[in-house]
Structures are given as C-alpha cells and as structure tokens.
Amino acid sequence: MSRLIVVSNRVSVTKGRGAAGAQGGLAVAMNGALRKHGGIWFGWSGNEVARFTGQLTMQRADGFTTATIDLEPHDVDEYYNGYANRTLWPLFHYRIDLAEYETEFGRGYERVNEQFANSLVPLVEEEDLVWVQDYHFLPLGERLRAHGLKNRLGLFLHIPWPPTRLLVSLPYHERLVRAMLHYDVIGFQSTEWLESFLHYCRKELQADVDEDSGTVQLDGHVAVARAFPIGIDYKEFMAFRGTQTAQRAYERLAGSARNRSVVIGVDRLDYSKGLPERIDAMERLFTTHDDMVNQLLYVQIAPPSREDVRSYQEIRATLEQKTGQFNGAHSDVDLVPIRYVNRGFGRAELFGFYRAARIGLVTPMRDGMNLVAKEYVAAQDPEDPGVLILSRFAGAAEQMSDALLVNSHSAEDVARALWTALHMPVEERRARWEKLNAVVRDHDVIGWAEDFIALLAAPPFHHM
Ligand code: ADP
Ligand code: G6P
C-alpha cells in the first residue's frame with residue numbers, strides 16, 4: 001500500500017476525549033483517514049517566526065507523522081487571513097459582498113504555496129500519493145509539478161465551488177483554475193459544486209470537458225473531477241456513547257433544560273453558518289406562539305474563528321447584540337431561552353449534548369458539507385430520536401433528504417420547521433432518523449478517504 005502524504009493548512013491532531021478548541025470538519029476528517037492509512041501530515045504549525053527558514057518540525061502522532069513549518073507574520077496575514085479567508089472563503093460561499101480583492105493577498109498566497117512546495121518536495125518518495133486539502137492550496141499541485149514531482153497529486157475542496165458568474169469576479173481567476181488542473185484528481189463535496197466547476201472549465205477556459213467521467217483536458221493535462229461527499233468517523237464517534245463524559249454532558253444539559261425541548265446548534269462562529277438568521281427564526285416562533293419560553297431552550301455553541309478578520313469580528317458583535325436583545329425580550333425571571341456559548345468542547349461532551357437535544361438546528365447560508373448535521377444524527381437514541389432541521393444550502397442536504405430541509409434565508413420557513421419538529425410524533429421521528437442514520441453510518445470518513453485514494457492510485461488517465 002502506498003504511503004499517504006496529506007497537506008493541509010492546519011495540522012490538528014485530535015486528542016479524542018478532552019480535546020477542546022475550534023475544530024473544523026477538515027481536522028476531524030483527516031485524523032480519521034491518517035490513523036487508518038499512515039504516512040505524513042504536512043502543514044503550517046500555526047506559529048509565526050521573524051524569518052522564514054522552511055525548517056520542518058517532525059512529530060510522531062497516533063499512527064502517522066506530522067511535519068510542520070512556521071510562517072512569517074506578513075505571510076500569515078496575506079496568505080491565511082488575506083487571500084484564503086478574506087478573498088476565497090467569502091467568494092466561494094457566495095458572499096462577493098464580503099470578498100476583498102487585493103493584489104498583495106494574491107502575491108502572498110502564491111508565495112506561501114511556493115514555500116510549501118519547497119519544504120514538501122524532499123519528504124516525498126517515489127510511490128507516495130500526495131493528497132492536498134482545501135482552498136489554501138489550489139495552486140500547490142502546479143508548484144509541485146514545477147519542482148519536478150511525478151507523483152499522483154490529488155486535491156479535495158472542503159468548501160463549495162461558486163457559480164461561474166461569481167467566480168469571474170475574482171481577478172486572475174483563470175490563472176488559479178488553470179493551476180488546479182495540474183492535479184490528477186479533484187474532489188468536491190457535492191454534485192452541485194462539481195457541476196459548477198465543470199461549467200467554469202468549459203465556459204471560461206474552453207477546456208475539453210467530459211461531464212460523465214468528470215475528465216477535464218487542457219494544454220496536455222488531464223484532471224478527473226468527482227464528487228466525494230465526506231462523512232464523520234462513525235465508529236470513533238459512536239464509541240463515545242457509553243462514556244461517562246458523554247453521559248454526564250447529557251445529564252447536565254437535559255437536567256438544566258427543566259422540561260423544555262432543547263434545540264442545539266454547534267458551529268464555528270462564521271457568517272456562512274447563518275447564526276443571526278437562526279435568532280430571527282426564533283423571534284418569529286416566540287412572537288407567533290404563546291409560552292415558548294416554557295417549551296424551548298436553544299443552546300448555541302459557537303467557538304470564535306479567524307478572529308483577525310474584520311467580517312468575523314462583526315458577525316460576533318452582531319450575534320452578541322441579537323442574543324442579548326432576544327433574551328432581554330423573551331426571558332422570564334427563572335428561564336432564559338437562548339444559551340450562547342463561545343467555546344469548544346471535547347467530542348464526548350458534544351455527543352452528550354447532541355443526544356440531549358430534541359432538535360438539531362443546522363441552517364448555514366452556504367456550506368461545503370456540514371459534519372455537525374451528521375454528528376447530530378449519529379448521537380440520537382434509536383428509540384426516541386430527535387429531529388434534524390437542515391438548510392438546503394448545505395452540501396449535506398444532497399444526502400440527507402429525510403431531514404426537515406429548510407430555506408435558511410426565510411425566518412418563516414425555519415420557524416415553521418421548528419414548530420413541526422417540536423410536535424413530530426415519535427413514529428415519524430424514528431422513520432426519518434433510521435434513513436438518516438443509515439446514510440451517516442454507511443458513508444463515513446473512512447470510506448470517503450478510501451474512495452478518493454482509490455481513484456488517486458488508479459492508473460493514469462488518458463493523456464492527449
Ligand atoms: P466547518 O468545517 O465549516 O467548521 P463542519 O460542520 O463541517 O463545519 O465541521 C465542524 C466540526 O467541528 C464538527 O466535527 C464539529 O463537531 C466540530 N466543532 C464545531 N464546534 C465545536 C465546538 N464548540 N467544540 C468542539 N467541536 C466543535
Ligand atoms: C473549514 C475549512 C478548513 C478549516 C476549518 C477551520 O472546515 O474547510 O480548511 O481548517 O474550517 O478554520 P481555520 O481557519 O480555523 O483553520
């Protein structure tokens with residue numbers, strides 16, 4: 001079996017129980033995949049140094065090795081805070097109103113991609129499969145080829161791919177996507193993002209695109225693009241079921257709810273997650289129905305994310321203001337309807353919280369996949385499961401059509417779904433949950449990685 005070299009911006013080894021802090025879906029997924037396959041996980045240390053040296057820090061993790069490099073502060077600013085999170089992230093989540101197009105960001109992004117290529121090349125052996133993750137490294141494949149690497153190179157994009165009409169607002173969009181075509185395999189979370197990508201290649205690059213196989217040919221390069229919906233590490237997650245930590249977390253939340261139905265949200269504090277919009281939906285529900293304060297408790301766990309970026313500071317301020325206002329208007333002396341918590345929890349604790357919640361509220365405005373939706377389903381009691389309310393704009397909606405699918409832009413629609421969920425008979429809850437759970441169980445992160453790796457390891461595609 002070939003060694004796996006995973007590249008991602010963040011290298012974040014989960015410590016299982018006890019682990020706290022903001023963990024994105026990518027970190028959770030890569031831990032699962034690397035534990036199974038072995039190899040090297042290469043990325044940024046998260047640290048800054050005055051002068052870039054490219055020196056690697058190697059550490060042994062649970063079944064694999066991590067290799068990290070430090071970056072200079074201005075590189076972090078232009079590459080991570082800048083191009084990745086002020087340009088690509090908003091644009092790819094359809095928020096061109098928030099996207100900032102600064103030449104310096106683009107230059108920093110290309111510079112850091114070159115630094116990564118430089119440090120990575122000496123680690124790679126002949127038979128290794130190189131698997132690059134996410135929007136931080138769209139041009140890395142091209143850089144690696146420029147260094148003479150002949151290995152199979154794959155890219156998986158964890159976030160959406162925007163419609164062509166939005167993407168063309170990005171300066172040098174052609175250069176970026178042309179560079180991507182140096183990868184052999186390009187994976188997307190859903191067929192919607194895949195179709196947008198193929199549309200762009202055909203329309204803007206005049207590439208030779210075969211929709212059925214996902215093959216894109218341009219200037220002698222052949223890339224294959226496919227949808228690989230990511231899953232959770234189902235087995236690992238289910239192992240929390242019997243733990244004391246999960247049980248205690250369950251009792252703590254269920255006990256303190258005082259007979260109210262718990263609605264839970266767990267999201268990085270990101271404008272793509274639709275958090276203020278959830279409060280608008282709550283507002284609808286509380287003003288159109290009497291006595292909701294005695295019936296419902298909404299717990300929103302939202303660890304701060306990307307705090308150096310202004311749009312994140314703003315969403316945080318907005319949310320604080322709206323939560324305060326809502327609680328001011330709807331609390332009773334002994335009951336507060338929204339509990340808003342700005343920190344991370346261990347995965348076992350999360351399991352217990354999900355289990356205690358009658359409703360999982362997952363209503364992003366746009367999301368590549370959304371793993372919280374899958375974790376919520378996995379944590380339910382089969383006999384008395386809760387209801388998942390899921391935005392149709394999450395990649396997960398393609399697979400999870402037995403959830404209550406909602407338009408997260410419509411407070412009315414979400415409020416109606418909350419009401420329906422609160423009153424859903426147990427038979428219907430069970431019927432929906434069984435189908436959802438089968439999807440989550442049968443399409444886990446291990447299978448996801450295996451599918452991607454199998455295509456990456458397959459014989460080279462036909463070259464022109
Ligand atoms: P994203 O990748 O955009 O952050 P996902 O829903 O795909 O969104 O993945 C988020 C992951 O991070 C999930 O596995 C979730 O459990 C984890 N997570 C989010 N918030 C917290 C938190 N407060 N504590 C612990 N884990 C969290
Ligand atoms: C999403 C992205 C990941 C990213 C994570 C956390 O899941 O797809 O690439 O690592 O969010 O964001 P951060 O900027 O803290 O790494």
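Just so it is clear, the model here is predicted, and its values are computed rather than measured.

Quick look at the confidence of the model for the protein chain now. When pLDDT is averaged along the protein chain, the result is 94, and 96% of the positions lie at 70 or above. In the predicted structure, residues 16-22 sits below a pLDDT of 50 and forms 17 contacts with residues beyond four places in sequence or in another chain. Interface scoring of the predicted complex returns ipTM 0.98; its pTM is 0.96.

Looking now at the sheet that holds strand 7 (residues 185-188). Spatial ordering of the open sheet is given by 3-4-2-1-5-6-7-10-9-8, a layout of ten strands whose pairing is mixed. Whereas interior strands pair on both sides, the edge strands pair on one side only; in this sheet they are strand 3 (57-60) and strand 8 (208-210). Strand after strand, the sheet turns through a mean of 20° between neighbouring axes, direction not considered. The pairing of strand 1 (residues 4-10) with strand 5 (residues 129-133) spans four bridges and is parallel. Residue pairing for strand 5: L4 is matched across the bridge by L129.

Next up on the list: the sheet that holds strand 14 (residues 359-362). Here we have six strands laid out as an open sheet, ordered 13-12-11-14-15-16, and parallel in their pairing. Only two strands of the sheet have a single partner each, and these edge strands are strand 13 (338-341) and strand 16 (404-406). Averaged over all neighbouring strand pairs, the angle between strand axes comes to 20°, with direction disregarded. In terms of strand pairing, strand 12 (residues 296-301) meets strand 13 through four bridges, oriented parallel. Counterpart to Y298 in the pairing with strand 13 is I338. This element, helix 14 (residues 411-422), spans strand 11 (261-266), strand 12, strand 14, strand 15 (387-391) and strand 16 of the sheet and lies at about 170° to strand 16.

Along its 20 residues, helix 2 (residues 73-92) runs just 25 Å from first to last C-alpha, ending more than 12% under the 28 Å computed at 1.5 Å per residue. Of all bends in helix 2, the biggest is about 40°, found at G82. Judged by how many residues are buried, helix 2 sits mostly within the fold: 15 of 20 residues are covered.

The next point concerns unusual backbone geometry. The backbone of Q206 shows a phi angle near 50°, a positive value even though the residue is not glycine. In this structure, Q206 sits in the loop between helix 7 (191-205) and strand 8. Using a count of 9 C-beta atoms within 10 Å as the deciding quantity, one classes Q206 as exposed. Located in the positive-phi region is R258, a residue other than glycine, with phi close to 50°. Examined against the element boundaries, R258 turns out to sit in the loop between helix 9 (244-256) and strand 11.

The next thing to look at is the pairing of strand 10 (residues 221-227). Pairing of strand 7 with strand 10, which is carried by four bridges, proceeds in the parallel orientation. Residue pairing for strand 10: G187 is matched across the bridge by R226. The pairing of strand 9 (residues 215-218) with strand 10 spans four bridges and is classified as antiparallel. The residue bridging L218 from the neighbouring strand is H221, located in strand 10. Count of turn residues in the strand 9/strand 10 antiparallel hairpin: two residues, of which D219 carries a positive phi of about 50°.

Once that is clear, we can look at the domain arrangement of the protein chain. The assigned domain composition of the protein chain is domain 1 (4-228) and domain 2 (235-442). Centre-to-centre separation of domain 1 and domain 2, based on C-alpha positions: 30 Å.

This part takes up the environment of V406. By secondary structure assignment, the location of V406 is in strand 16. Separated by 15 residues in the primary sequence, V406 and A421 have C-alpha atoms spaced 12 Å apart. Once residues within four sequence positions are removed from consideration, V406 is found in contact with T363, I389, S391, R392, D413, V414 and A417.

Here we take up the nonpolar core. Counting residues in each nonpolar core, the largest one holds 147 residues, and the members touching the most others are V7, A373, L388, I389, L390 and L418. Looking at this core element by element, the count peaks at eight residues for helix 2. The two domains that each donate at least three residues to this core are domain 1 (4-228) and domain 2 (235-442). Setting aside residues no more than four positions away along its own chain, I389 makes contact with I359, G360, L361, V362, T363, A403, L404, V406, A417, L418 and A421.

Mapping S311 onto the fold places it in helix 11 (residues 310-330). Owing to 19 C-beta atoms within 10 Å, S311 belongs among the partly exposed residues under this scheme. Separated by 225 residues in sequence, S311 and R86 place their C-alpha atoms 8.4 Å apart. Beyond its immediate stretch of four places on either side in the chain, S311 contacts L98 and Y271.

Turning to helix 16 (residues 445-457), a few remarks are in order. With 13 residues, helix 16 extends 18 Å between its outermost C-alpha atoms, agreeing within 8% with the 18 Å of an ideal straight helix rising 1.5 Å per residue. Burial in helix 16 covers these residues: V445, I446, W448, A449, F452, I453 and L456. Projected onto a plane normal to the axis of helix 16, the buried residues spread over an arc of 160° and lie on a single side.

Calculation notes
Residues numbered from 1 in each chain as written. Chains lettered and ligands numbered in written order. Predicted model: local features only at pLDDT ≥ 70, side-chain atom pairs only at ≥ 80, totals over all residues. pLDDT = per-residue confidence, 0-100. Contact = placed C-beta atoms within 7 Å. Pairing = 2+ DSSP bridges. Helix = DSSP H or I, 4+ residues; strand = E, 2+ residues; numbered from the N terminus. Axes fitted to C-alpha atoms, helices over the stretch in contact; angles between N-to-C directions. Expected span 1.5 Å × (residues − 1). Bend = angle between axes of the 7 residues up to and from the residue. Buried ≥ 20, exposed ≤ 12 C-beta atoms within 10 Å, placed from the backbone. Domains from an automatic or database assignment. Core = buried A, V, L, I, M, F, W, Y, C linked by C-beta atoms within 7 Å. Arc of directions from axis to C-beta.

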